[in-house]
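Structure assessment
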Amino acid sequence: MNSKDIRQKELEYAQSLSASMLAWEESQKRKLAEILKRKGIILTKDNIPTIVHATTFEQICSPENSTYCPLYLKQERCHPQLLELNCFLCNCPNYDAKYIEEQEENTLVGKCTIQSKGGHYHFSSLYPRVGVWSCEQCPTHHSKTFLAEYLKKTLPKSI
Ligand code: SF4
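Residues numbered from 1 in each chain as written. Predicted model: local features only at pLDDT ≥ 70, side-chain atom pairs only at ≥ 80, totals over all residues.

**Section: the overall build of the protein chain**
Our working definition: Put simply, DSSP marks the helices as runs of H or I at least four residues long and the strands as runs of E at least two long, and each gets a number from the N terminus on. Each residue is classed by its C-beta neighbour count within 10 Å, where at least 20 other C-beta atoms makes it buried, 12 or fewer makes it exposed, and intermediate counts make it partly exposed; the C-beta atoms are placed from backbone geometry. In this description, any two residues whose backbone-derived C-beta atoms lie within 7 Å of each other are considered to be in contact.
Helix and strand counts for the protein chain come out as four helices and four strands. Seen along its three principal axes, the alpha-carbon backbone of the protein chain occupies a region of about 55 × 35 × 25 Å. Burial status across the protein chain gives 16% buried among its 159 residues. Restricting the contact set of the protein chain to residue pairs at least 6 apart, pairs at least 24 apart contribute 55%.

**Re unusual backbone geometry**
Backbone geometry at Gln-75 places phi at a positive 55°, although glycine is not the residue there. Tracing the chain through its elements places Gln-75 in the loop between helix H3 (57-60) and strand S1 (95-102). Overall, the presence of 10 C-beta atoms within 10 Å leaves Gln-75 in the exposed class.

**What about the environment of Thr-113?**
By the element assignment, Thr-113 lies in the loop between strand S2 (107-112) and strand S3 (120-123). In the structure, Thr-113 is positioned 33 residues away from Pro-80 in sequence and 25 Å away in space, judged by C-alpha atoms.

**With respect to the nonpolar core**
The test is simple: Residues enter a nonpolar core if they are buried, belong to Ala, Val, Leu, Ile, Met, Phe, Trp, Tyr or Cys, and are joined to the set through C-beta atoms within 7 Å.
Counting 15 residues, the largest nonpolar core has Phe-57, Ile-60, Cys-87, Phe-88, Leu-89 and Tyr-95 as the members making the most contacts within it. Counting residues per element, the ones that place at least two in this core are H3 and S1. Leave out the neighbours within four places in its chain, and Phe-57 touches Arg-77, Leu-85 and Cys-87.

**Comments concerning the site of the ligand**
The test is simple: Residues are counted as near a molecule or strand when the C-beta atom, derived from backbone positions, lies within 6 Å of that molecule or strand. Three categories are distinguished: nonpolar for Ala, Val, Leu, Ile, Met, Phe, Trp, Tyr, Cys and Pro, charged for Asp, Glu, Lys and Arg, and polar for the others, with Gly belonging to the last.
Lining the immediate environment of the ligand, one finds Cys-92, Asn-94, Tyr-95, Cys-112, Ile-114, Ser-116, Gly-118, Gly-119, Cys-135, Cys-138, Thr-140 and His-141. A per-class count over the shell around the ligand returns six nonpolar, six polar and no charged.

**Focus on the pairing of S2**
Selection rule: Following DSSP output, two strands are said to pair if at least two bridges run between them.
By the bridge criterion, five bridges tie S1 to S2 in an arrangement that is antiparallel. By the bridge assignment, Ile-100 is partnered in S2 with Val-109. Linking S1 to S2, which pair antiparallel, is a turn of four residues. Both S2 and strand S4 (residues 130-134) contribute to a ladder of three bridges, which runs parallel. Within S4, the position partnered with Thr-107 by the bridge is Val-130.

Structure representation (structure tokens):
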């Protein structure tokens, strides 16, 4: 394969990663809405304290919700270091999964729109020049304060 073909393969791989992440984000939103609906919780501003409480790790972690997070089956936290872990924003609203940048050497997929120092680009052995933005070490979106602010900005007052 010549270098142009390799770049094309890398770009296709980056595009497939971006599409998978976007599909995963939508799927997570749907699953969470179903969990809250089962609990009779409506997604409105009036319900913010109830929503925040119901989505703390302690409240939501159960085998019946494991399609949302498989770690619930083992009662494990995705960020073991966080004492306060809220699961509502499994996918961070600051993550731009549509972003793809072809640089001279590398192709980057995903980015943090607030340029947090908590994330980094992860390069796999399969495509070592394709970097995917990873938020592994960033706690931002799991705090109740961040979530409450986010819900205030995004939810309707009532339905
Ligand atoms: S690095 Fe942090 S703030 Fe940025 S997208 Fe990832 S989780 Fe969100």
